[in-house]
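Coordinate inspection notes
Residue strings, one per chain:
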2 protein chains.
Amino acid sequence: MHSDVVASRSADPKDSRESRSESRNGAGPHLDAVSLAIIEQLQEDGRRPYAAIGKAVGLSEAAVRQRVQKLLDQGVMQIVAVTDPLTVGFRRQAMVGIHVEGDVESVADALSAMSECEYVVMTAGSFDLIVEIVCEDDDHLLEVINRRIRAVPGVRSTESFVYLKLKKQTYMWGTR
Amino acid sequence: MHSDVVASRSADPKDSRESRSESRNGAGPHLDAVSLAIIEQLQEDGRRPYAAIGKAVGLSEAAVRQRVQKLLDQGVMQIVAVTDPLTVGFRRQAMVGIHVEGDVESVADALSAMSECEYVVMTAGSFDLIVEIVCEDDDHLLEVINRRIRAVPGVRSTESFVYLKLKKQTYMWGTR
DNA sequence: CGGAGACCTGCGGATTTCGCAGCGTTGGCG
DNA sequence: CGCCAACGCTGCGAAATCCGCAGGTCTCCG
């Protein structure tokens, strides 16, 4: 059921114009206030019924459903379960700062391809790249940092910050 | 993939359902294989119906529902919408490394109380604390870093890494 | 003017969620 | 040893939700 791509009446290929998914961060498809309000609702509870959301934002159930589906298709948001990795058996995490020589973006792509890299961001400052690593144990972490990451062409040096304790983790942008 | 736990009705006693292990930092009992499988399902799609999850993990719809509710109540996981902040109107983000003198945890608590801090983690390495900041614009970011964070007692110095481009952001722990 | 696209509403029918009553297992305890 | 409370799972209607679809409005063009 997931893959039948609604689009009951918008199965138009040219429709893809600027809705090209996920990390085109320059500027996403601009969201209006209503979509923002819908996102806010779902940031509080990802399973809230469409009808309840509709009541909150002033739209019909069907309209909310269509908007949500579009936001998901466009990659503007995803509705997922998030956990503290420590409780799920990943005992070692680290933030790794990386100095790059040459093309930063290609290095970022290479790191993004690793499943252990949960989070990859290009930054200004003394690091060119910052990535978050999630591993099962020390050996795993060591291997990822010392063998895999440093083996990527363009990576000149790294600095690791092993997690001792996760104090806060929220997803409430917009809910302020 | 999902082990053989099907057990249409056999209550496999071998699996010591809940070991009272504590080795974690925040809260929450250890998870058995079935709960882990449920979380995996919800990491793929936070709105997946309980019946579908049940089919995948070998449990009835009602059992899945009860487990999910418990996981939510215990705070082991949350089901939420996540977005790239840039597409939602937060144009400035930064990772901030912090050097602390004195009690690190109390500083972490103070930072956690700020709504602009999305992510707060205590680390080993040259920083004592790493926090992720989400702001609306440069002025906002400047104020948070230079006035609010540095005003927290115990914060000795900070180093900022302004986000240029978010390359990857996933929540698929366990789905590997 | 007329058509295409975007977006909304309303409405049945299929699904899903929800609450509750059983039931088997486990563990504590007199 | 036997009783009982605590848990967790199942099954089952009833209620609520989801889903697809048809139809209406508005805007943007050629």
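These remarks concern the structure in this document.

Here is what the cut-offs are and how they apply
- Each chain has its residues counted from 1, following the order in which its sequence is written.
- For naming, the first written chain is A and the first written ligand is 1, with later ones following in the order written.
- Two thresholds apply to this predicted model, a pLDDT of at least 70 for residue-level local features and 80 or more for giving and counting side-chain atom pairs, whereas whole-chain, interface and lining totals are computed over all residues.
- To obtain the side-chain values, all non-hydrogen atoms of the structure were included, while hydrogens and water were left out.
- The axes are straight lines fitted to the C-alpha atoms, using for helices just the contacting stretch, and the angles between their N-to-C directions are given from 0 to 180°.
- Only DSSP runs of H or I reaching four residues or more are called helices, and only runs of E reaching two or more are called strands; each is numbered from the N terminus.
- Roughly parallel refers to an angle under 35 degrees, roughly antiparallel to one over 145, roughly perpendicular to one between 65 and 115, and oblique to any angle outside these ranges.
- Two residues form a contact once any of their heavy atoms are found within 4.5 Å.
- We call Asp, Glu, Lys and Arg charged. Ala, Val, Leu, Ile, Met, Phe, Trp, Tyr, Cys and Pro are nonpolar, and the rest, Gly among them, are polar.
- Cysteine sulfur atoms that pair up within 2.5 Å are treated as a disulfide.
- When a carboxyl oxygen of Asp or Glu is within 4 Å of a side-chain nitrogen of Lys or Arg, the pair counts as a salt bridge.
- Think of it in three bands: residues with accessible area under 20% of the maximum for their type are buried, residues over 50% are exposed, and the middle band is partly exposed, with areas taken using a 1.4 Å probe on protein chains only.
- Buried area is a sum: the accessible area each of two parts loses on coming together, probed at 1.4 Å, counted once for each and added.
- As used in this structure description, the phrase polar contact means that two N or O atoms lie within 3.5 Å; if the pair is within protein, one of them must be able to donate a hydrogen and the other to accept it, and residues adjacent in sequence are counted only when both atoms belong to side chains.
- Here, a strand pair is defined by DSSP locating no fewer than two bridges between the strands.
- We place a 1 Å grid over just the protein atoms. Points where a 1.4 Å probe fits but has no way out form a cavity, open points with protein on both sides within 12 Å along at least 5 of 7 lines form a pocket, and any residue with an atom within 4 Å of a point lines it.
- Grid points are joined across faces, edges and corners, and a volume is the space filled by probe spheres set on the points.

Quick word on the packing of helix H1 (residues 33-44) of chain B against helix H3 (residues 61-74) of chain B
Residues and elements named next belong to chain B.
- Two elements in contact, H1 and H3, have axes separated by 11 Å at closest approach and are oriented at 85°. The orientation of H1 with respect to H3, classified from their angle, is roughly perpendicular. In contact with Val34, Ser35, Ile38, Ile39 and Leu42 of H1, H3 contributes Val64, Arg67, Val68 and Leu71.
- Its residues assigned to classes, the contact of H1 with H3 shows 7 nonpolar, 1 polar and 1 charged.

Points about the state of the cysteines
- Per the stated rule, a full pass over the model turns up 0 disulfides over all chains.
- Left unpaired, cysteine 117 of chain A is separated from the closest cysteine sulfur, that of cysteine 135 of chain A, by 8.5 Å.

Side note on the pattern of salt bridges
- Under the defined criterion, the tally for this structure stands at 18 salt bridges over all chains.
- The closest approach of N and O atoms between glutamate 105 of chain A and lysine 165 of chain B, which form a salt bridge, is 3.0 Å. Pair noted here: glutamate 105 of chain A is in helix H4 (residues 104-112) and lysine 165 of chain B is in strand S5 (residues 155-169), and the two residues belong to different chains.
- Measuring nitrogen to oxygen at the nearest pair gives 3.1 Å for the salt bridge that ties lysine 167 of chain A to glutamate 105 of chain B. Here the residue lysine 167 of chain A occupies a position in strand S5 (residues 155-169), and glutamate 105 of chain B occupies one in helix H4 (residues 104-112), the pair thus bridging two chains.
- We classify lysine 167 of chain A as partly exposed; its relative accessible area is 23%.

Observations regarding the interface of chain A and chain B
- With 70 residues of chain A in contact, the opposing surface of chain B contributes 71 residues.
- Of the roughly 7000 Å² buried between chain A and chain B on both sides combined, carbon and sulfur atoms contribute 54%.
- Inspection of the chain A/chain B interface yields 6 salt bridges.
- Its salt-bridge partner being lysine 167 of chain B, residue aspartate 109 of chain A comes within 2.9 Å of it at the nearest N-O pair.
- Across the contact surface, chain A and chain B share 39 residue pairs in polar contact (both at pLDDT 80 or more).
- Among the secondary structure elements, those contributing two or more residues to the side of chain A that touches chain B are helix H1 (33-44), helix H2 (50-57), strand S1 (77-83), strand S2 (92-100), H4, strand S3 (117-124), strand S4 (129-135) and S5 of chain A.
- If you tally residues by element for the side of chain A that touches chain B, the top one is S5 of chain A, at 11 residues.
- For the side of chain A that touches chain B, the residue count by class is 37 nonpolar, 19 polar and 14 charged.
- Summarising the sheet, S5 of chain A and strand S3 (residues 117-124) of chain B pair through 6 bridges and their orientation is antiparallel. From the neighbouring strand, lysine 165 of chain A faces S3 of chain B, where its bridge partner is methionine 122 of chain B.

Here we look at empty space enclosed by the protein
- Inspection of the entire model under this criterion finds 3 cavities of 30 Å³ or more.
- Tyr119, Glu132 and Tyr171 of chain A together with Tyr119 and Tyr171 of chain B are the residues nearest the centre of the largest cavity, which is lined by 19 residues in total.
- Estimated volume of the second largest cavity: approximately 60 Å³.
- In terms of lining, the second largest cavity is formed by Met95, Val96, Gly97, Phe127, Ile130 and Phe161 of chain A together with Met95, Val96, Gly97, Phe127, Ile130 and Phe161 of chain B.
- Where the lining of the second largest cavity is concerned, the elements lending two or more residues are S2 of chain A together with strand S2 (92-100) of chain B.
- When the residues that make up the lining of the second largest cavity are grouped by side-chain class, the tally is 10 nonpolar, 2 polar and no charged.

Purely spatial values, then, with no claim about function.
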